[in-house]
Amino acid sequence: MGVPFGALVSTNDVTTAVLAYGNPCTIMAVQAFESGVAGDAYIQLFDVAAVADMTLGTTKPSWVVVIDQGTAEVSTEDGLPAHGVSFLNGIVIASTTTPTGNTTRETDVRIVIV
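Everything numeric here is computed off the predicted structure, so don't read it as measured data.

Conventions we followed
Residues numbered from 1 in each chain as written. Predicted model: local features only at pLDDT ≥ 70, side-chain atom pairs only at ≥ 80, totals over all residues. Heavy atoms only, no water. Helix = DSSP H or I, 4+ residues; strand = E, 2+ residues; numbered from the N terminus. Contact = heavy atoms within 4.5 Å. Areas by Shrake-Rupley, 256 points an atom, 1.4 Å probe, with all protein chains shown as cover. Pairing = 2+ DSSP bridges. Axes fitted to C-alpha atoms, helices over the stretch in contact; angles between N-to-C directions. pLDDT = per-residue confidence, 0-100. Buried < 20%, exposed > 50% of the residue type's maximum accessible area, 1.4 Å probe, protein only. Polar contact = N/O pair within 3.5 Å; in protein donor to acceptor, adjacent residues only side chain to side chain.

A. Quick peek at the overall build of the protein chain. Along the backbone of the protein chain there are 0 helices and 9 strands. Going from the N terminus to the C terminus, the protein chain shows its helices and strands as β-β-β-β-β-β-β-β-β. Within the protein chain, contacts between residues at least 6 apart in sequence are counted, and of these 79% link residues at least 24 apart. Working note: accessible area of the protein chain is about 5600 Å², and carbon and sulfur atoms make up 53% of it.

B. Structural detail: the sheet that holds strand E4 (residues 41-46). Judged by pairing direction, the sheet is antiparallel, and its 4 strands sit side by side in the order E2-E8-E4-E5 without closing on themselves. With one partner strand each, in any of the chains shown, strand E2 (18-21) and strand E5 (63-67) form the two edges of the open sheet. Averaged over neighbouring strand pairs, the angle between their axes works out to 30 degrees when direction is ignored. Where E4 and E5 come together, 5 bridges link them in antiparallel fashion. The partner of Ala-41 across the bridge, within E5, is Ile-67.

C. Main features of the confidence of the model for the protein chain. Chain-level pLDDT for the protein chain is 76 on average; 64% of the residues reach the 70-or-more range. Here strand E6 (residues 73-74) stands out as the element of the protein chain with the lowest mean pLDDT, 52, in contrast to strand E7 (residues 85-87), whose mean of 91 is the highest. In this model, residues 1-6 is a region of pLDDT below 50 whose contacts with residues beyond four sequence positions or in other chains number 13 contacts.

D. Here's a closer look at the environment of Gly-57. Looking at where Gly-57 falls in the secondary structure, it is placed in the loop between E4 and E5. On the accessibility criterion, Gly-57 (36% relative accessible area) is partly exposed. Separated by 46 residues in the primary sequence, Gly-57 and Thr-103 place their C-alpha atoms 8.0 Å from one another. Those residues in contact with Gly-57 that lie beyond four places of it in its chain are Thr-100, Gly-101 and Asn-102.

E. Geometry of the pairing of E4. Most of E4 sits inside the fold, with 6 of its 6 residues counted as buried. The alternating pattern of E4 places Ala-41, Ile-43 and Leu-45 on one face and Tyr-42, Gln-44 and Phe-46 on the opposite face, and all of these are buried. In this sheet, strand E8 (residues 91-96) lies alongside E4 in antiparallel orientation, the contact comprising 5 bridges. Residue pairing across strands places Ile-43 opposite Ser-95, the latter belonging to E8.

F. Region of interest: the environment of Asp-53. You can see Asp-53 is positioned in the loop between E4 and E5. Judged by its relative accessible area of 47%, Asp-53 is partly exposed. Sequence separation between Asp-53 and Val-92 is 39 residues; the distance between their C-alpha atoms is 9.2 Å.

G. Structural context of the side chain of Thr-96. Turning to its location among the elements, Thr-96 is positioned in strand E8. By relative accessible area, Thr-96 is classed as buried at 0%. A polar atom in the side chain of Thr-96 sits 2.8 Å from the side chain of Gln-44. Side-chain polar atoms of Thr-96 contact the backbone oxygen of Thr-98, separated by 2.6 Å. If sequence neighbours within four positions are ignored, Thr-96 has contacts with Asp-40, Ala-41, Tyr-42, Gln-44, Leu-56, Gly-101, Thr-103, Thr-104 and Arg-105.

Right, dumping it as structure tokens:
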């Protein structure tokens, strides 16, 4: 089961790992807004069906999007392949202070899935 092409799944104020979508899908774009906290923010994307299926800081993310310090918004695919990134189980997302770490930070995240 999927959602219509280009559907927006919005998760606001990500301060811990959250389930963004619980079915197989493909991410075509990631948009994130980091509201002025110093330092880079990293959006970790995990190919799991539930938050309980991963451990932040231990489970390797399937994809990571960085929001550079001083850049409020990212929506330029951040290196996503032209065909997107497929997730077989679902998507759990977390916003952290390092690419694979477990220290979370508050970030608004939106992903476009097909």
